[in-house]
Amino acid sequence: MKKKYILYSLAIIIVIYLSFKVGYIVSNSHNTESKAKTYLWLFKDSTINDLDTIVSIGHNRKSDIYYHYLYKTKIAISIFEYRELSRINIKNITFLHNVNLNNFLDGFSGEVYNMTLYPLPETSIMYELPFNNVFQVNLDASSTIKKRIEGKNYRGFFGKILRMSFSNSEGKHLVLFDYKREATPTLFLLYKYQGRFLVIMINSEEKFDESIINILKLE
């Protein structure tokens, strides 16, 4: 009788744990949507007709949004918006080099996107993003910056990325980009617009350079 009671109690504990786990995942996962107009304001009017809005897919939740667009079928534009970082000063964001990101997925709890969508990087995003108003960009030893880019409300670089992460004030890596095959040409921008903080990444199956920034309407 005692053994049955113990087994019954263990079963209840397991059910409660699994219910809590499922609830946590559901409440902290992105909802998939397709609303092409969400970030069309980022593009110059002359480029909008060349955007494939049919395949514009978004992933939305309370803390952040991730959208991607195709331009002229070959150029992939990824847009990330972090709502809790609306007050951050992009001039204070640091870029660290030669950071070891090999162990990011150890104990990882989150979602993974673009596992087979070349030239987009495999993108791993934690279920929770406690940036605490600090945002740090980390590049691994195989990533290089060819040219730095800076404007009134944006800054970033054109270079090649193999692995890159975003971390918080405690150095905890919360988002990882992994191109896997090789260091891949990338335009990377941090952009502040009317109190909103966005990250823009551009990749292409064909050769391109930093002039691709001209498809964007950065104010």
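Everything numeric in this text was worked out from a predicted model, so none of it was measured.

Chemist: Where do I start with the sheet that holds strand β13 (residues 184-193) in this structure?
Modeler: Sheets are built from strands that pair by backbone hydrogen bonding, the pairs being arranged parallel or antiparallel. Taken together, eight strands build an open sheet; the order of strands is β1-β2-β3-β4-β14-β13-β10-β9 and the sheet is antiparallel. Edge positions in the sheet fall to β1 (31-33) and β9 (144-150), since each has one partner strand and no second. The sheet shows a mean angle of 15 degrees between the axes of neighbouring strands, taken without regard to direction. As defined by bridge partners, strand β4 (residues 75-82) adjoins strand β14 (residues 196-204) across seven bridges and the pair is classed as antiparallel. In the sheet register, Ile-75 faces β14, and the bridge partner there is Ser-204.

Chemist: It is not clear to me how the packing of aromatic side chains should be interpreted in this structure. Could you clarify?
Modeler: Aromatic rings considered in pairs are described by the distance between their centres and by the relative angle of their planes. On inspection of all chains with the given rule, the structure shows 23 aromatic pairs. Here Tyr-39 and Trp-41 contribute two aromatic rings whose centre-to-centre distance is 6.2 Å and whose plane-to-plane angle is 45 degrees, an arrangement assigned as tilted. Judged by its relative accessible area of 0%, Tyr-39 falls in the buried class. Among the aromatic side chains, those forming a connected cluster through ring pairs are Tyr-66, Phe-80, Tyr-82, Phe-95, Tyr-113, Phe-131, Phe-135, Phe-157, Phe-166, Phe-177, Phe-188 and Phe-197. Across from the ring centre of Tyr-118, 4.1 Å away, lies the NZ or CZ of Arg-181, which sits over that ring.

Chemist: Would you explain the environment of Phe-135 in this entry?
Modeler: The topology assignment puts Phe-135 in the loop between β7 (122-126) and β8 (136-139). A relative accessible area of 2% means that Phe-135 is categorised as buried. Among all residues touching Phe-135, those that are not within four sequence positions of it are Tyr-82, Leu-85, Ile-88, Ile-93, Thr-94, Phe-166, Ser-167, Leu-190, Phe-197 and Val-199.

Chemist: Hey, could you run me through the pairing of strand β11 (residues 163-167) in this one?
Modeler: Each regular strand carries side chains that alternate between the two faces of the sheet. The element β11 is extensively covered by neighbouring structure, given that four of its five residues are classed as buried. Across four bridges, the pairing between β8 and β11 is antiparallel. Residue pairing for β11: Asn-138 is matched across the bridge by Ser-165. Note that β11 and strand β12 (residues 173-178) share five bridges and pair antiparallel. Note on β12: the bridge partner recorded for Ser-165 is Leu-176. Between the end of β11 and the start of β12, which pair antiparallel, lie five residues, with Gly-171 showing a positive phi angle near 80 degrees.

Chemist: Would you mind going over unusual backbone geometry with me for this structure?
Modeler: Negative phi characterises most residues that are not glycine, and trans characterises most peptide bonds. For Asn-114, which is not glycine, the phi dihedral falls at a positive 60 degrees. Inspection of the secondary structure puts Asn-114 in the loop between β6 (110-113) and β7. Judged by relative accessible area, which is 9%, Asn-114 ranks as buried. Despite not being glycine, Lys-180 has its phi angle at roughly 65 degrees, a positive value. The residue Lys-180 is located in the loop between β12 and β13 in this model.

The rules behind each value
Residues numbered from 1 in each chain as written. Predicted model: local features only at pLDDT ≥ 70, side-chain atom pairs only at ≥ 80, totals over all residues. Heavy atoms only, no water. Pairing = 2+ DSSP bridges. Helix = DSSP H or I, 4+ residues; strand = E, 2+ residues; numbered from the N terminus. Axes fitted to C-alpha atoms, helices over the stretch in contact; angles between N-to-C directions. Phe/Tyr/Trp six-rings, centres within 6.5 Å; stacked < 30°, edge-to-face > 60°. Buried < 20%, exposed > 50% of the residue type's maximum accessible area, 1.4 Å probe, protein only. Lys NZ or Arg CZ within 6 Å of the ring centre and 35° of its normal. Contact = heavy atoms within 4.5 Å.

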